[in-house]
Amino acid sequence: MGEAAPGAADPPPGRRPGRAGWPGAAAIGQMLFRAEILAFWVAVAPLLSLLPASLAYRLACWRGDLTFRYWAGKRAEVVRGLRQVLGEELSPQEAERVARDLFRIRTCEVIDLMRLRNGARSLRKLVEIRGREHLDAALAGGKGAIICSAHFGSYVCAFSLLHASGFPVTTIGRWWWNYTPGETPAVKRFWDFIYARRVLRYRQRPNIEPWPGRVQVALQAAAVLRGNEVVTICSDAPPLESDLTRTITVPFLGHQARLLPGIVDLARVTGAPVLLAFAHRTADYRHQVLEISPPVPMHSETTAVFGQCAAAMDAAIRAHPAEWDFWFEPTDLARLGLLEGSLRPLVRPDYRMERTTELEHLS
Amino acid sequence: MEAVINDYISRELVQDSALLPLEDDTSLLETGVLDSLSLLRLVVFVQERFGIMVDDIDLVPEHFDSVDSICAYLRTRAAETAGQAGSHG
């Protein structure tokens, strides 16, 4: 997994320096922290999702603020990562504000997930899809369409929302709990039930999950495209160790990141156009905009074509920095080559692509 | 068939020149010649060159581990296709 073991780097919530000597405080704090997370996902978030959106997302923000306040270790990591990667673009105060927004947004995304029910109508009312004509036009070509996105915004729900809006969507991506060493079957079943089940209701088929040795992934994606369907993928994922030789180096967030340009190869072989799509939340936290671009021109060489995708991801992240997941995971930033002295992404084979959440700390 | 496929893989997919000339029994997966995307290119080539469609269910590493195994699979697949065409005809 791309992060430290539960609690390894963080003081337990609520623990303050003056209380450090109290025996058992750390364990109790950690236990309460996990209990809160479990209760939130299993009971609170589903209930919140039934409330009027304005109230539900306001309460989600409130919970995000609490997490921001009490999860001091993670907050410090996020701020440090923001400052290290974006440098002088963010003042310390701005980095704090972005970090707080990140915590709010992550909680709001759980509400998004819970609103994926009944045809996703309650979520569809909150998300404006811009540029769907580009996707319609791409599918009119009969070779399917590849949507390139990032671990940005409520992308998991956005893909499901596209499907609920009439586009047959299949995602290339791994569920992290399936690739975490030592994960118990109970935890996997929990995540399958609480997370994947909701998402996959609004997907054409289960995720195509790339992993070393699964050489059929691109062929499966090609088969989906041959059916004139939509394949989505997040192209900002740090490469696996086994994929390092196939990475290219592209400018990304002011650094040279090593990323996999697989979508460009897939597009060239299948003839499917590549479109970019990013969802971001508006200032009220409940409404979102999902913007779909026209097809990326494919006339130049692979590095140049993929460079356009990386530039689009870069622009989206700079415009809405709190929406990018990887601020939450310094190890991911390092693997991408965005932190000083870490140009070579040291990716363990247990790296996951789908979103992480604080729920991982339950495992 | 072996020569055609060996030639295509050697020209288009082998990145490590130390593997050339490519032996027909060299493991393409263990040597890293074939990955997900290069397998896709190979299958597209096979379909265009030999007119043999690869079923999704057949997309297992054993069928694509070497030039020999690819050809063995394709011959089986061609025979199955011919048999189905004969039974329908």
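That block above? That's the structure.
Residues numbered from 1 in each chain as written. Chains lettered and ligands numbered in written order. Predicted model: local features only at pLDDT ≥ 70, side-chain atom pairs only at ≥ 80, totals over all residues.

Draft legend 1. Representation of the overall build of chain A. Of the regular secondary structure elements, chain A holds 12 helices and 8 strands. Within chain A, the proportion of its 363 residues that are buried is 51%. For chain A, the share of sequence-separated contacts (at least 6 apart) that also reach a separation of at least 24 residues comes to 76%. (Helix = DSSP H or I, 4+ residues; strand = E, 2+ residues; numbered from the N terminus. Buried ≥ 20, exposed ≤ 12 C-beta atoms within 10 Å, placed from the backbone. Contact = placed C-beta atoms within 7 Å.)

Draft legend 2. Looking closely at the interface of chain A and chain B. Listed by partner, the interface residues are 15 residues for chain A and 14 residues for chain B. Put simply, the parts of the chain that give the side of chain A that touches chain B at least two residues each are helix 9 (217-226) and helix 10 (262-270) of chain A. If you tally residues by element for the side of chain A that touches chain B, the top one is helix 9 of chain A, at 6 residues. In the side of chain A that touches chain B, the residues fall into 9 nonpolar, 4 polar and 2 charged. (Nonpolar A, V, L, I, M, F, W, Y, C, P; charged D, E, K, R; others polar.)

Draft legend 3. Quick look at unusual backbone geometry. For the peptide bond that leads from B:Leu20 to B:Pro21, omega is -5°, which places it in the cis range. Inspection of the secondary structure puts B:Pro21 in the loop between helix 1 (2-13) and helix 2 (36-50). Here the phi dihedral of A:Ala120 falls at roughly 60°; this positive angle occurs in a residue that is not glycine. Its place among the elements puts A:Ala120 in the loop between helix 4 (92-114) and helix 5 (121-124).

Draft legend 4. Here's a closer look at the sheet that holds strand 7 (residues 274-281) of chain A. Residue and element names in this part refer to chain A. Within the open sheet, the 6 strands sit side by side as 1-8-7-2-4-3. Their pairing is mixed. Each having just a single partner strand, strand 1 (127-130) and strand 3 (169-172) make up the two edges of the open sheet. Each strand axis lies, on average, 25° off the axis of its neighbour in the sheet, ignoring direction. Judged from the 4 bridges that link them, strand 1 and strand 8 (residues 288-292) form a sheet pairing that is parallel. Directly across from Ile 129, in strand 8, lies its bridge partner Leu 290. Where helix 10 meets the sheet, it contacts strand 2 (145-149), strand 4 (230-234) and strand 7, and its direction lies at approximately 170° from that of strand 2. (Pairing = 2+ DSSP bridges. Axes fitted to C-alpha atoms, helices over the stretch in contact; angles between N-to-C directions.)

Draft legend 5. Structural context of the nonpolar core. All names here are of chain A. Judged by nonpolar contacts, the single largest core of 124 residues is most densely connected at Ile 146 and Ala 221. Ranked by the residues each element gives to this core, the list is headed by helix 4, at 11 residues. Aside from chain neighbours lying at most four places away, what touches Ile 146 is Val 231, Ile 263, Leu 266, Ala 267, Ala 272 and Val 274. (Core = buried A, V, L, I, M, F, W, Y, C linked by C-beta atoms within 7 Å.)

Draft legend 6. Region of interest: helix 2 (residues 53-70) of chain A. Residue and element names in this part refer to chain A. Relative to the 26 Å expected for 18 residues at 1.5 Å per residue, helix 2 spans 26 Å between its end C-alpha atoms, a close match to the ideal helical length. Three or more residues of helix 2 are buried, namely Ala 56, Tyr 57, Ala 60, Cys 61, Arg 63, Gly 64, Thr 67 and Phe 68. In an axial view of helix 2, the angular spread of the buried residues amounts to 165°, which keeps them on one side of the axis. Within helix 2, the exposed residues directed more than 90 degrees away from the buried face are Ser 54, Leu 55 and Trp 62. (Expected span 1.5 Å × (residues − 1). Arc of directions from axis to C-beta.)

Draft legend 7. Expanded view of the pairing of strand 5 (residues 248-252) of chain A. Residues and elements named next belong to chain A. For strand 5 and strand 6 (residues 255-259), the ladder comprises 5 bridges, and the chain directions are antiparallel. Bridging across to strand 6, Phe 252 finds its partner in His 255. From the end of strand 5 to the start of strand 6, which pair antiparallel, there are 2 residues, and Leu 253 there has a positive phi angle of about 55°.

Draft legend 8. Broad picture of the packing of helix 2 of chain A against helix 4 of chain A. All names here are of chain A. Running from amino to carboxyl end, helix 2 crosses helix 4 at an angle of 135°, the nearest separation of the two axes being 8 Å. Classified by the interaxial angle, the pair formed by helix 2 and helix 4 is oblique. Our pair here, helix 2 against helix 4, has a crossing hand that is right-handed. Residues Ala 56, Tyr 57, Ala 60, Cys 61, Arg 63, Gly 64, Asp 65, Thr 67 and Phe 68 of helix 2 touch helix 4, and the partners they reach there are Ala 99, Arg 100, Phe 103, Arg 104, Arg 106, Thr 107, Cys 108 and Ile 111. Residues belonging to the contact of helix 2 with helix 4 are distributed by class as follows: 9 nonpolar, 3 polar and 5 charged. (Parallel < 35°, antiparallel > 145°, perpendicular 65-115°, else oblique. Left-handed = near helix turned anticlockwise from the far one by under 90°.)

Draft legend 9. Summary view of the environment of A:Glu94. Tracing the chain through its elements places A:Glu94 in helix 4. Judged by the 15 C-beta atoms lying within 10 Å of it, A:Glu94 falls in the partly exposed class.

Draft legend 10. Representation of the environment of A:Gly81 within the structure. With respect to the secondary-structure elements, A:Gly81 resides in helix 3 (residues 72-86). Here the alpha-carbon distance between A:Gly81 and A:Val215, two residues 134 residues apart in the chain, equals 34 Å.

Draft legend 11. Molecular detail of the pairing of strand 3 of chain A. All names here are of chain A. Side chains of strand 3 alternate between two faces, with Val 169 and Thr 171 and Thr 170 and Ile 172 buried alike. Here strand 3 runs beside strand 4; their pairing, made up of 4 bridges, is parallel. The partner of Thr 170 across the bridge, within strand 4, is Val 231.

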